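# Chains, contacts and geometry: an overview
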Amino acid sequence: MSAEIDLLIRPEWIIPIEPAGTTLSGHALAVNDGNILALLPHEEAMQRFRPRRTVELPGQVVLPGLINLHTHAAMSLLRGYADDLPLMRWLSERIWPAEARHAGPDFVRAGTLLACAEMLRGGITTFNDMYFFPDAAAEAARRVGMRAVLGIVVIEFPTGYAADADDYLARGLAARDALSDDPLLSFCLAPHAPYTVADKTFDKIATLAAQLEIPVHVHLHETAHEIEESLKQHGVRPVERMRRLGLLGPQLIAAHGVHLDAGEIDLLAHEGCHVAHCPTSNLKLGSGIAPVSAMQSRGLNFGLGTDGAASNNRLDLFQEMRHAALLAKGASQNAESLDAHASLHAATLGGARALGLDERIGSLLPGKAADLCAVRLDEWLLQPCFDPASHLVYVAGREQVTHTWVNGKLVMSAGVPVQIGISELLDITGLWHTRLTS
Ligand SMILES: CSC[C@H]1O[C@@H](n2cnc3c(O)ncnc32)[C@H](O)[C@@H]1O
Ligand SMILES: [Zn+2]
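Residues numbered from 1 in each chain as written. Chains lettered and ligands numbered in written order. Predicted model: local features only at pLDDT ≥ 70, side-chain atom pairs only at ≥ 80, totals over all residues. Heavy atoms only, no water.

### Regarding the packing of aromatic side chains
- Taken as a whole and judged by the stated rule, the model has six aromatic pairs.
- Between Phe-107 and Trp-432 the ring centres are 5.3 Å apart and the planes differ by 85°, which places this aromatic pair in the edge-to-face class. Taken as a pair, Phe-107 in helix H3 (residues 105-121) and Trp-432 in helix H15 (residues 422-437) lie far apart in primary sequence, 325 residues in all. Taken individually, Phe-107 and Trp-432 each receive the classification buried, so the pair is uniform in this respect.
- The structure contains a cluster of three or more aromatic residues connected by ring pairs, namely Tyr-131, Phe-132, Phe-133, Tyr-161 and Tyr-168.
- One Lys or Arg, Arg-435, reaches over the ring of Trp-432 and ends 4.5 Å from the middle of that ring. (Phe/Tyr/Trp six-rings, centres within 6.5 Å; stacked < 30°, edge-to-face > 60°. Helix = DSSP H or I, 4+ residues; strand = E, 2+ residues; numbered from the N terminus. Buried < 20%, exposed > 50% of the residue type's maximum accessible area, 1.4 Å probe, protein only. Lys NZ or Arg CZ within 6 Å of the ring centre and 35° of its normal.)

### Considerations on the pairing of strand E16 (residues 409-413)
- The pairing of strand E15 (residues 401-406) with E16 spans four bridges and is antiparallel. Residue pairing in the sheet places Val-406 in a bridge with Lys-409 of E16.
- The hairpin turn running from E16 into strand E17 (residues 416-417), its antiparallel successor, is two residues long, and Ala-414 in that turn takes a positive phi close to 50°. (Pairing = 2+ DSSP bridges.)

### Quick word on the nonpolar core
- With 137 residues, the main nonpolar core has Trp-90, Phe-107, Phe-132, Leu-189, Leu-344, Val-375 and Leu-392 as its most contacted residues.
- Looking at this core, the element that brings in the most residues is H3, giving 10 residues.
- Residues contacting Phe-132, with those up to four places away along its chain left out, are Glu-99, Ala-103, Val-108, Val-153, Ile-155, Thr-159, Tyr-161 and Tyr-168.
- Counting 15 residues, the second largest nonpolar core, distinct from the first, contains Leu-7, Ala-370, Ala-374 and Trp-405. (Core = buried A, V, L, I, M, F, W, Y, C linked by side-chain atoms within 4.5 Å. Contact = heavy atoms within 4.5 Å.)

### Description of the coordination of the zinc ion (ligand 2)
- Distances from the zinc ion (ligand 2) to its protein donors, His-70 (NE2), His-72 (NE2), His-219 (NE2) and Asp-307 (OD), fall within 2.0 to 2.2 Å.
- Taken together, the four donor atoms coordinating the zinc ion (ligand 2) and their angles of 86 to 168° define a geometry best described as irregular.
- Every donor residue of the zinc ion (ligand 2) comes from the same chain, spaced as H-x1-H-x146-H-x87-D. Residue His-70 is located in strand E6 (residues 66-71), and its partner His-219 is located in strand E10 (residues 216-220); the two are separated by 149 residues in the primary sequence. One exposure class covers both His-70 and His-219, and it is buried. (Donors = N, O, S within 2.8 Å, 3.2 Å for Na, K, Ca; no water. Tetrahedral: all angles 85-135°; square planar, octahedral: opposite > 155°, others 65-115°.)

Okay, structure coming up:
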């Protein structure tokens, strides 16, 4: 007797991420009730299941949806607004003044919607966001059916969102309470950075993180300037300050981690912390190149992030996988660093682990959510193809993504998000371009 199921996907190849380094040919993926039911040879799948829908994908590879471990989604409206500046000038001369004028709930809803559309187009199914008005960001994510981890942000200056640290925390916690029944949304604490958050606030955040059992997402060791200032003001480097404040542990996601020495990498690995590696943003802001090869060899888990579109200027994890692999090799002068499977692992399971969501997403083990993307590798520009994993990292781009599913639901097909039309996105960007330039 065969069982009725929602969906059967029959691609040329499947890269399940677990077991590591595997590429399956001639297999099918059975999906039911939003979850992966089985991964099995085509013939067996046809015998065991009666799918209500079958998607045939010759010449294509299916893999877990990509996880954007560090972004500021709403900043997609500031794409190209301020280029070619180092981080602190970029923030203080251009970005913070623009945010002070414009970054209200409408900006966040519109910018996050644009970002979600771009991310789904490129096979990203989950994003870890840090921005003002997470309730408005949640509206956008829900509209398109995307999985999101939203930040309970704290930055110690007043903005249109909140007045002081306690107000930031209260607003973020209220948003978390209001959205607690949505299975695609979760929250983390998101103190902006060591240079914008005081010790007593970090103390409160460490206590809250332990009480609520949620991650802490913070920009950390992004620039050499950040380290110099910390030494001047606190007498220690930021990682040591975080250690003294009780923030190191499996809940910590350090965005960037560019300027980490060997001792700090060992300490972060020993404490079970995670790094969100953002190679393109680090290059564009001239921040440096993160020591990914050492993180790999010393067992420090890392995922990949785009950062915001104002410092990247794309929300494209295919670009990040490629940059991560190439930079790891170049910086360590070791071509064996971060091979294609390791880069794919970072963009999927590495990110899921950092978010504490690896029971649910990040690989195609049966029982996990059916968060998936399909990528075509049969176009002439991509020929010949000897190894689909290699092609995903070194040859293909987001243009080759044809389908994206979140929780078993098709959310992008034929190059467009299912729930939102391109004309609406163009209207939004036109409106905000006018506002930002007048
Ligand atoms: C408190 S909301 C997030 C805050 O972070 C700013 N931001 C964007 N990119 C970066 C980065 O690479 N380093 C530090 N801060 C960044 C963003 O503009 C918001 O103000
Ligand atoms: Zn950032």
